[in-house]
Amino acid sequence: MIVLGIESSCDDTGVAIYSAERGLLAHQVHAQNAIHAQYGGVVPELASRDHIRVGLPLIDQVIKAAGLTSQDIQGVAYTKGPGLAGSLLVGSLLARSLAYAWQCPAIGVHHLEGHLLAPMLETPQPSFPFLGLLVSGGHTLIIAVKAFGEYEILGETLDDAVGEAFDKTAKLLGLGYPGGAKLAKLAELFSDDLSGHPYLPTKFPRPMTDRPGLDFSFSGLKTHVALEIKKRTALSELNELSESDKINIAYAFEEAAVDTLVIKITRALEQTGYTQLVVSGGVGANKKLRAKLTELGKAKNMTAYFPRFEFCTDNGAMIAYVGCQRLLRGEHEDLNLTVYPRWPLDKL
Ligand code: KG4
Ligand code: ZN
């Protein structure tokens, strides 16, 4: 079976073709960062309009890149939720119209199920059951993945997502939006030499690790960052942050965020007895997180799986993969067209 996948839940248009027999045949992502950067966040109406603009040409390109024609497509998968209502509607309408015209079934996919199963596009693949750590700009979840379609949420954020905390800290440091990856790059410049400064190095708290449970809270961290920026700015002769101040704050923030995730994952592994961990979502691209979880794996006899960088962030390949599995199980949409801007993963 050959499935076209369309992802349009937020600000990336992702298109891919997955074959049940031959694996991923082609994929492309069109990111909208340049459009939203000037506003410091995603503007939903602009996101929808850009999905409309690039959707069909991108689908055309990906079908050609796979060496196929539209007649070869046997199913169309699309993101049905959660996400921005307008963006979801654009992708859904596109997918459903194409499926109708091509006379093949369509299937709506849960965006987070896509992220969770993205490592299935890699070799070696994890096997069920495994622990999922989903860390993106909108979500921070620890999930027991018991079987395909059977997910239990063990922990989640009570306020900001970890990616959101990265982005807000990056914004405070003047790194632009979305700044998570830029902040991580800046933190890489940290060296012990910088700790010669009388106010260095900074250490931020690891929120909610002093009490039992697997939930997170990241909104307090940005307050600590803001206070640190204020303190350092007041102390500087030029009344501004120096480059080394920025590097230190970026480093201290990244350490705090990553340590918090690692502490909770250690607990979740002990609680479930699972020996495999799948990390996905945009923050899954973070090198320090990958290194610390790989290290944890060695210490705990656990294998950590990470999708390649481009499949950590939003993409069509994960949607095509999950859609294909569901179509093979005989599932498909009826003639109703509904999107779910809010859609709990354990209600699948
Ligand atoms: O999964 P994703 O593309 O979008 C959704 O939120 O659904 O994740 C984007 C998030 C942003 O918050 C971005 O700043 C963060 O992932 N991110 C990173 C890195 N690369 C992307 N955060 C930390 N380190 C990175 N290297
Ligand atoms: Zn996502």
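Note that the coordinates shown come from a computational prediction; the quantities given were computed from them, not determined experimentally.

A. The site of ligand 1, seen in detail. With respect to spatial proximity, 19 residues lie near ligand 1, and among them Gly137, Gly163, Asp167, Gly282 and Asn286 are the closest. In the model, an oxygen atom of ligand 1 is placed 2.7 Å from a nitrogen or oxygen of the glycine 137 main chain. Here glycine 138 contributes a backbone N or O atom positioned 3.4 Å from an oxygen atom of ligand 1. The set of elements that each furnish at least two residues to the shell around ligand 1 consists of helix 4 (111-117), helix 5 (162-172) and helix 6 (180-187). Residue composition of the shell around ligand 1, grouped by class: six nonpolar, 11 polar and two charged. Counting contributing residues per domain, the shell around ligand 1 is built from domain 1 (2-118 + 311-347) and domain 2 (127-306), each supplying no fewer than three.

B. Structural context of unusual backbone geometry. Between threonine 123 and proline 124 the backbone carries a cis peptide bond, its omega angle lying at -5°. Residue proline 129 follows phenylalanine 128 across a cis peptide bond; omega there is -5°. By secondary structure assignment, the location of proline 129 is in the loop between helix 4 and strand 6 (130-135). Unlike most non-glycine residues, asparagine 239 shows phi in positive territory, near 60°. As for its placement among the helices and strands, asparagine 239 is situated in the loop between helix 7 (219-235) and helix 8 (243-272). Of note in this structure, asparagine 301 is not a glycine but carries a positive phi near 60°. With respect to the helices, strands and loops of the structure, asparagine 301 is situated in the loop between helix 9 (287-300) and strand 10 (303-305). Owing to a relative accessible area of 68%, asparagine 301 belongs among the exposed residues under this scheme.

C. Summary view of the layout of surface pockets. Size it by volume and the second largest pocket reaches roughly 180 Å³. What lines the second largest pocket is Arg96, Ala99, Tyr100, Cys104, Pro105, Ala106, His332, Glu333, Asp334, Leu335 and Leu337. When residues in the lining of the second largest pocket are grouped by element, the largest group, three residues, is from helix 3 (residues 85-102). Grouping the amino acids of the lining of the second largest pocket by side-chain chemistry returns seven nonpolar, one polar and three charged.

D. Just the domain arrangement of the protein chain, in detail. We note that the domain assignment places domain 1 (2-118 + 311-347) and domain 2 (127-306) within the protein chain. Domain 1 and domain 2 are separated by 28 Å when their C-alpha centres are compared. Taken together, the contact pairs 19 residues of domain 1 with 22 residues of domain 2. Across the domain 1/domain 2 interface, buried area totals approximately 1,700 Å², and carbon plus sulfur atoms make up 73% of it.

E. Molecular detail of the nonpolar core. Counting residues in hydrophobic clusters, the biggest one holds 46 residues, and the most contacted among them are Leu131, Leu133, Ile142, Phe253, Ile265 and Leu293. Of all the elements in the fold, those that place two or more residues in this core are strand 6, strand 7 (140-147), helix 5, helix 6, helix 7, helix 8, strand 9 (276-280) and helix 9. Ranked by residue count, the leading element in this core is helix 8, at 13 residues.

F. Fine view of the side chain of histidine 111. Structurally, histidine 111 can be placed in helix 4. Reaching out from histidine 111, the side chain makes a polar contact with the side chain of serine 9 at a distance of 3.3 Å. Histidine 111 has contacts with Glu7, Ser9, Thr79, Gly81, Pro82, Asp314, Met318 and Ile319, leaving out every residue within four places of it along the chain.

G. Looking closely at the sheet that holds strand 10. Spatially, 8-7-6-9-10 is the arrangement adopted by the five strands of the open sheet, whose pairing is mixed. Two strands lie at the open edges of the sheet, namely strand 8 (150-156) and strand 10, each paired on one side alone. Within this sheet the neighbouring strands show an average axis-to-axis angle of 25°, counted without direction. Here strand 7 runs beside strand 8; their pairing, made up of six bridges, is antiparallel.

H. Layout of empty space enclosed by the protein. Scanning the model with the defined rule gives one cavity of 30 Å³ or more in all. If you add up the space inside the largest cavity, you get close to 30 Å³. Lining the largest cavity we find Ile6, Ser8, Thr13, Val15, His51, Gly55, Val90, Gly91 and Leu94. Sorting the residues of the lining of the largest cavity by element identifies strand 2 (12-19), helix 2 (44-65) and helix 3 as the ones contributing at least two each.

I. Structural context of the coordination of the zinc ion (ligand 2). Only His111 (NE2), His115 (NE2) and Asp314 (OD) from the protein reach the zinc ion (ligand 2) as donors, at distances of 2.1 to 2.2 Å. For the zinc ion (ligand 2), the four donor atoms in the first shell make angles of 90 to 147° at the metal, a pattern classed as irregular. Counting the intervening residues between successive donors of the zinc ion (ligand 2) yields the motif H-x3-H-x198-D. Here aspartate 314 lies in the loop between helix 10 (309-312) and helix 11 (316-328) and histidine 111 lies in helix 4, a separation of 203 residues in the sequence.

J. Up close: the pairing of strand 5 (residues 106-110). A large share of strand 5 lies buried, amounting to five of its five residues. Residues Ala106, Gly108 and His110 of strand 5 are buried on one face, and the alternating residues Ile107 and Val109, pointing to the opposite face, are buried as well. Sheet topology note: the strand 4 (residues 75-81)/strand 5 ladder contains five bridges and is parallel. Looking at the pairing, threonine 79 lines up with valine 109 of strand 5.

How each quantity is defined
Residues numbered from 1 in each chain as written. Chains lettered and ligands numbered in written order. Predicted model: local features only at pLDDT ≥ 70, side-chain atom pairs only at ≥ 80, totals over all residues. Heavy atoms only, no water. Near = heavy atom within 4 Å. Polar contact = N/O pair within 3.5 Å; in protein donor to acceptor, adjacent residues only side chain to side chain. Helix = DSSP H or I, 4+ residues; strand = E, 2+ residues; numbered from the N terminus. Nonpolar A, V, L, I, M, F, W, Y, C, P; charged D, E, K, R; others polar. Domains from an automatic or database assignment. Buried < 20%, exposed > 50% of the residue type's maximum accessible area, 1.4 Å probe, protein only. 1 Å grid on protein atoms, 1.4 Å probe; cavity = no way out; pocket = protein on both sides within 12 Å on 5 of 7 lines; lining within 4 Å. Points joined across faces, edges and corners; volume = space filled by probe spheres on them. Contact = heavy atoms within 4.5 Å. Buried area = accessible area lost by both parts, 1.4 Å probe. Core = buried A, V, L, I, M, F, W, Y, C linked by side-chain atoms within 4.5 Å. Pairing = 2+ DSSP bridges. Axes fitted to C-alpha atoms, helices over the stretch in contact; angles between N-to-C directions. Donors = N, O, S within 2.8 Å, 3.2 Å for Na, K, Ca; no water. Tetrahedral: all angles 85-135°; square planar, octahedral: opposite > 155°, others 65-115°.

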